[in-house]
Each structure stands twice: as structure tokens, then as C-alpha cells.
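Take a look at the letters that make up each chain.
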Amino acid sequence: MTHPAIITTDRLTLRKPVAEDVLHVQDFYETERSSFVGGPCDRGQGWRKASMFFGHWMVRGYGLFTVERKDTGASIGLIGPWYPDGWADHEIGWQIWRPEDEGQGFATEAASAARDWCHETLGWTRIVSYIASGNTGSEAVAKRLGAVLDTNAPHPSTGPCLVYVHPGASA
Amino acid sequence: MTPPTLHTERLTLTALNERHFEPMAAFYADDRSSFVGGPLTAERAWRVLAGEIGHWTLRGYGRFAVELTATGEMVGLIGPWNPHAWPEPEIGWDLMNGHEGKGYATEAAKATRDWAYSALGWTTVISLVAEGNHGSRKVAERLGCTLERPYTHEIYGTMNIWRHPGPEVAS
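First things first, this report covers the structure right here in the doc. (Residues numbered from 1 in each chain as written. Chains lettered and ligands numbered in written order. Predicted model: local features only at pLDDT ≥ 70, side-chain atom pairs only at ≥ 80, totals over all residues.)

**Digging into the overall build of chain A**
Tallying secondary structure elements over chain A gives 4 helices and 8 strands in all. From first element to last, N terminus to C terminus, chain A shows the α and β order β-β-α-α-β-β-β-α-β-α-β-β. Over its C-alpha trace chain A gives a radius of gyration of 15 Å, about what one expects of a compact globule, namely 16 Å for 171 residues. Taking all 171 residues of chain A together, 42% fall into the buried category. Within chain A, contacts between residues at least 6 apart in sequence are counted, and of these 54% link residues at least 24 apart. (Helix = DSSP H or I, 4+ residues; strand = E, 2+ residues; numbered from the N terminus. Rg over C-alpha atoms; globule rule 2.2 N^0.38 Å. Buried ≥ 20, exposed ≤ 12 C-beta atoms within 10 Å, placed from the backbone. Contact = placed C-beta atoms within 7 Å.)

If you want it as C-alpha cells, here you go:
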């Protein structure tokens, strides 16, 4: 099924999440790969996480995008603006659901486009990414995006983590 | 789906949004929320709010913000609720602090039950009431429910399943 794209890149489309996406979120949160983003957990708790991700859109007017590959049409992850209560700064977050979609630069490509969108559409100036200590794959994405580790930045309410600060709108 | 607006004698049932965060955070900060997964920090309560709204995205229905028509004050969070792995679709009710004992839960739950029967086509519905939650049990009794059996959820603990009268009786 196709849904209207909000952002398009060379290889990806970013769109608002829809109900079918919940199955991917549940699958992902059952695996150890979700351990850096609040998992793993059973399918019931995965459903509640998905409902919370999707509800963020209605509360804030924006939220994580579902990312689709243009070549296969497959939905591969959630990437985009994230600002729940208790967050010290506006965040760009990312999760790629399956290992076969890693290592091809998809997270970097989608997050970069989402960051531009946040600058232009939401008027965000300071943007961070919160990364769990030990999540070296995610740190590599942040560095490729030109984000810089800031050891003095405030942490989110969920606890200590690595705070990467993204370059400004003109970068 | 965009939630409809329902009206009862004293209440307006409408879509949840960010303006309902404050009363929900106060409810979840209080021990009164212990029967429904609380107490929670404000940050966790925000995620509960987002999750309630996301339930509409995933299911096409969910709970309503219940407001006093006269003042717009939020008095409850009430309506159809059916997250993943729930025993059956239910009508759930949470009364915000200071609004107990005025019949609001009964009045709003009845309106959402009628809506679930007429708009969603439900033919039967339950309500889960936590062991020891006497206030909630009274609401179930006033709604004409009959006690069916206990049900234990691995996270939310032991609750009783109350069965509502069917569409032909309830309306």
C-alpha cells in the first residue's frame, strides 16, 4: 500500500506512520536489536510503544516518519523529529528495524532529510540526537551527519546518554 | 480516524490533545492512578497521553477526553479500549482528580458504549476492573454489567471482567 510522502530522498520516502506499521515495530521490539531504544519487549508492549510513537504526531503536529525504500517499497524504520515531555532539546531519532537494511546509509540519508525538514518546516535551531552508551552503530550515523558529542549538554528525563548536537540550518 | 464529538446531558466527549496533558499528569501523579498502572512521572504520563491518541491511529477508535460542557474542564478519559493482546474490547474509564462521585464516569461510559454499538458495530463489550477498585466496580454495576470472571494480566495484575448488557438492552 502506498501513502503520501512528506519527504523524498534519492532512495527513500518518508511518510506519516499508519496502522500497518505496528507489525514492524512489534517485530523489531521483540529482538535484541531494540535494546538501545527501550527494548526488547513483548508484542503487547511493542503495540503500546507504536501507539505512543504515532500519537506523538497528534500531540505535537509532527513525529517520527515511517521510512520506505523506493526500490522495494518496504518500510524499514522510524526516523525523524522526536520531542516528548521531559526532553531537554529537540531530537532527531532513528531506528532501522531489520539488519538487512543496515549498512547502506539509509539512516543517514533519512535523518539528514528529516533534519532539513525540521529546520525549514518546524523552525528548529538546536537539534540533538540522544544515543545510548555502547550503540556504536548509531554513533557512526550521528558522526556522518556532522553531529558532535557534547558532554555538557543536558540529558533527557529517561537518563544519562550520549548527546550529539547537529550542525545548524546553514551547515 | 478523527474522533467524533459526543454530547451527553452534562458532558462533551472529544478528541484528546495536548491541552489534556496537565489533568492527566496530575491524575498519574496521584495514588488514585494505582489501579491503572500509576503513579507515573509527568514524562511517563505524556507518553500515556500519546499512546491513548495513537490507539485511534492503530484501531480507528479509542478513548475520549471527557469535558464538562459548562466549563471545558477535563473530568475523565473514557471509551473503547483494545490494545494488543487484550482479552476483549472494553469500555475503560479513568476519572481525573476531584471529579469522582458525580456520576460522570457512568454518564460518559454509557455514551461511548452506545457509540461502540452503533458506530463500531460491536455486539458485546466488557470492562476490566482492578481487584479492590470499589469506585470503578460501582460504575460497572450502575451500567448494568454482570461480573463474569477474573483475568490476570502479566503487567497490570488481577482484574475482574464485567460484561455489559448488549446493544438491544443497553440503548
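On we go.
**Description of the packing of helix α1 (residues 22–29) of chain A against helix α2 (residues 43–60) of chain A**
Residues and elements named next belong to chain A. Between α1 and α2, whose axes approach to 8 Å, the crossing angle comes to 130°. As summarised for this structure, α1 and α2 are arranged oblique, according to the angle between their axes. Crossing handedness for the pair α1 and α2: right-handed. Contacts between α1 and α2 involve V22, V25, Q26 and Y29 on the former and, on the latter, R43, G46, W47, K49 and A50. Classifying every residue of the contact of α1 with α2 gives 5 nonpolar, 2 polar and 2 charged. (Axes fitted to C-alpha atoms, helices over the stretch in contact; angles between N-to-C directions. Parallel < 35°, antiparallel > 145°, perpendicular 65-115°, else oblique. Left-handed = near helix turned anticlockwise from the far one by under 90°. Nonpolar A, V, L, I, M, F, W, Y, C, P; charged D, E, K, R; others polar.)

**Some remarks on the sheet that holds strand β6 (residues 127–131) of chain A**
All names here are of chain A. As summarised here, the arrangement of the 8 strands in space is β1-β2-β3-β4-β5-β6-β8-β7, forming an open sheet in which the pairing is mixed. The strands lining the two open edges of the sheet, one partner per strand, are β1 (5–8) and β7 (148–149). Two strands pair when backbone bridges link them, and strand β3 (residues 65–69) and strand β4 (residues 75–82) are joined in this way by 4 bridges, in the antiparallel orientation. Bridging from a neighbouring strand, T66 pairs with L78 of β4. (Pairing = 2+ DSSP bridges.)

**Describing the interface of chain B and chain A**
Note on interface size: it is often stated as the accessible area lost on association of the parts. Listed as interface residues are 18 residues of chain B and, on the opposing side, 19 residues of chain A. Per-class residue counts for the side of chain B that touches chain A are 8 nonpolar, 6 polar and 4 charged.

**Thoughts on α2(A)**
For α2(A), with 18 residues, the first-to-last C-alpha span of 26 Å sits near the 26 Å given by 1.5 Å per residue. Along α2(A), 15 of the 18 residues are buried, which leaves the element largely enclosed by surrounding structure. (Expected span 1.5 Å × (residues − 1).)

**Thoughts on the pairing of β1(A)**
Bridge count for β1(A) against strand β2 (residues 12–15) of chain A is 3 bridges, and the pairing is antiparallel. Its bridge partner being in β2(A), A5(A) is matched across the sheet by R15(A).

**Things to note about the packing of α2(A) against helix α2 (residues 42–59) of chain B**
One can describe the packing of α2(A) onto α2(B) by two numbers: an axis separation of 6 Å at closest approach and a directional angle of 95°. Considered as vectors, α2(A) and α2(B) are oriented roughly perpendicular to each other. Residues R48(A), A50(A), S51(A), M52(A), F53(A), F54(A), G55(A), H56(A), M58(A) and V59(A) of α2(A) lie in contact with α2(B), whose contacting residues are R47(B), L49(B), A50(B), G51(B), E52(B), I53(B), G54(B), H55(B), T57(B) and L58(B).

**Re helix α3 (residues 106–122) of chain A**
Residue and element names in this part refer to chain A. Counted at 1.5 Å a residue, the expected span for α3 with its 17 residues is 24 Å, and the 23 Å between its end C-alpha atoms agrees. Turning to α3, its buried residues number three or more, namely F106, A107, A110, A111, A113, A114, R115 and C118. Phi turns positive one or two residues past the end of α3, at G123, with a value near 70°.

No statement about biological role is implied by the geometric values presented.
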